[in-house]
Amino acid sequence: MFERLAGVILIGFVIKMMDDFLDREIDILQEDWNLTSVLKKGILPYSLVIMIFALHLNFAESVSYFSASYLLGMSSTAADKLPSRLRGWQEGLILIVIAIYLTSLREVITSIILVLILQFVDDYLDYKKEIYIKKDNLINKLGHLNGLIIFIILFILVFNFCLLKMIYFSLASCIIYLSLWLLKKYQIGRLI
């Protein structure tokens, strides 16, 4: 039980670190707090070390959550070609296929749904501040009602097919958000 939860928490931190590393310039312009302000150049090596522990503690969920986050995150850059000469969604699909091979189809699909649910929650929370800034916010793209309907459908799916996984994911997400909130508060408090 502890290993499963710890693995999900650690891979969640890795995903957050990768996201903050990729968004560091945008966050500086928007004056948003970002983990790179704390970890500086150490964000890459620290995320890799944390990923090793996450994989050791909970291999299947770590692989599937990371792959799902990669697919959903890179899909927002659908028009851009990456250094691989592929588009973001293409790279994401390749990683999903590898994740299915390493884990299972059910593991990956439920991870995609859970990460998508978290993305909906995050985008609802950020909707007002991102309405004119970020066009890749799901709520901006879908609208409130459509977003809510899709969110409810996804929630019913995971509730019926992977309740225990949803509980671990939700608990890990709360722990990560609380930890980041405390770190942000502590760091900003030190600067004042």
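Residues numbered from 1 in each chain as written. Predicted model: local features only at pLDDT ≥ 70, side-chain atom pairs only at ≥ 80, totals over all residues. Heavy atoms only, no water.

**Q** Describe the pattern of salt bridges, with residues and values.
**A** Inspection of the entire model under this criterion finds four salt bridges. The partner of Asp20 in a salt bridge is Lys16, and the shortest N-O contact between them spans 2.9 Å. Placement of the pair is Asp20 and Lys16 together in helix α1 (residues 2-22), with a separation of four residues, close to one helical turn. Taking relative accessible area as the criterion, Lys16 reaches 25% and is therefore assigned partly exposed. (Salt bridge = Lys/Arg side-chain N within 4 Å of Asp/Glu carboxyl O. Helix = DSSP H or I, 4+ residues; strand = E, 2+ residues; numbered from the N terminus. Buried < 20%, exposed > 50% of the residue type's maximum accessible area, 1.4 Å probe, protein only.)

**Q** Hey, could you go over the environment of Leu82 for me, with residue numbers and the actual values?
**A** Topologically, Leu82 is positioned in the loop between α5 (59-74) and α6 (88-102). In this structure, the C-alpha to C-alpha distance between Leu82 and Val63, residues 19 residues apart in sequence, is 22 Å. Excluding residues within four positions of it along the chain, Leu82 makes contact with Met74, Arg87, Gly88 and Glu91. (Contact = heavy atoms within 4.5 Å.)

**Q** So what about α5? Which residues, and what values?
**A** For α5, built from 16 residues, the straight-helix expectation of 22 Å at 1.5 Å per residue is met to within 8% by its first-to-last C-alpha distance of 22 Å. Counting buried positions along α5 yields twelve of 16 residues, so the element is predominantly enclosed. Residues of α5 that are buried: Glu61, Ser62, Val63, Ser64, Tyr65, Phe66, Ser67, Ala68, Ser69, Tyr70, Leu71 and Met74. (Expected span 1.5 Å × (residues − 1).)

**Q** Lay out unusual backbone geometry in plain terms, naming residues and giving numbers.
**A** The phi angle of most residues is negative, glycine excepted, and most peptide bonds adopt the trans form. The phi torsion at Lys40 lies on the positive side, around 50 degrees, for a residue other than glycine. Here Lys40 is to be found in the loop between α3 (36-39) and α4 (43-57). A positive phi angle, close to 75 degrees, is found at Arg85, a residue other than glycine. Mapping Arg85 onto the fold places it in the loop between α5 and α6.

**Q** Explain the side chain of Asp20 to me, using residue names and the numbers behind them.
**A** What makes Asp20 buried here is its relative accessible area of 2%. Residues contacting Asp20, with those up to four places away along its chain left out, are Asp27, Asn34, Leu35 and Thr36.

**Q** Account for the nonpolar core, naming residues and giving values.
**A** Core analysis: the largest hydrophobic core is formed by 35 residues, its most contacted members being Ile11, Tyr65, Phe66 and Val158. At the level of secondary structure, the elements contributing two or more residues to this core comprise α1, α4, α5, α7 (105-130), α8 (138-142), α9 (144-161) and α10 (163-191). Tallying contributions element by element places α1 first for this core, with eight residues. Excluding residues that lie within four positions of it along the chain, Tyr65 makes contacts with Val8, Ile11, Ile15, Ser111, Leu114, Val115, Lys165 and Phe169. Val63, Leu71, Ala99 and Val108 belong to the second largest nonpolar core, which has five residues in total. (Core = buried A, V, L, I, M, F, W, Y, C linked by side-chain atoms within 4.5 Å.)

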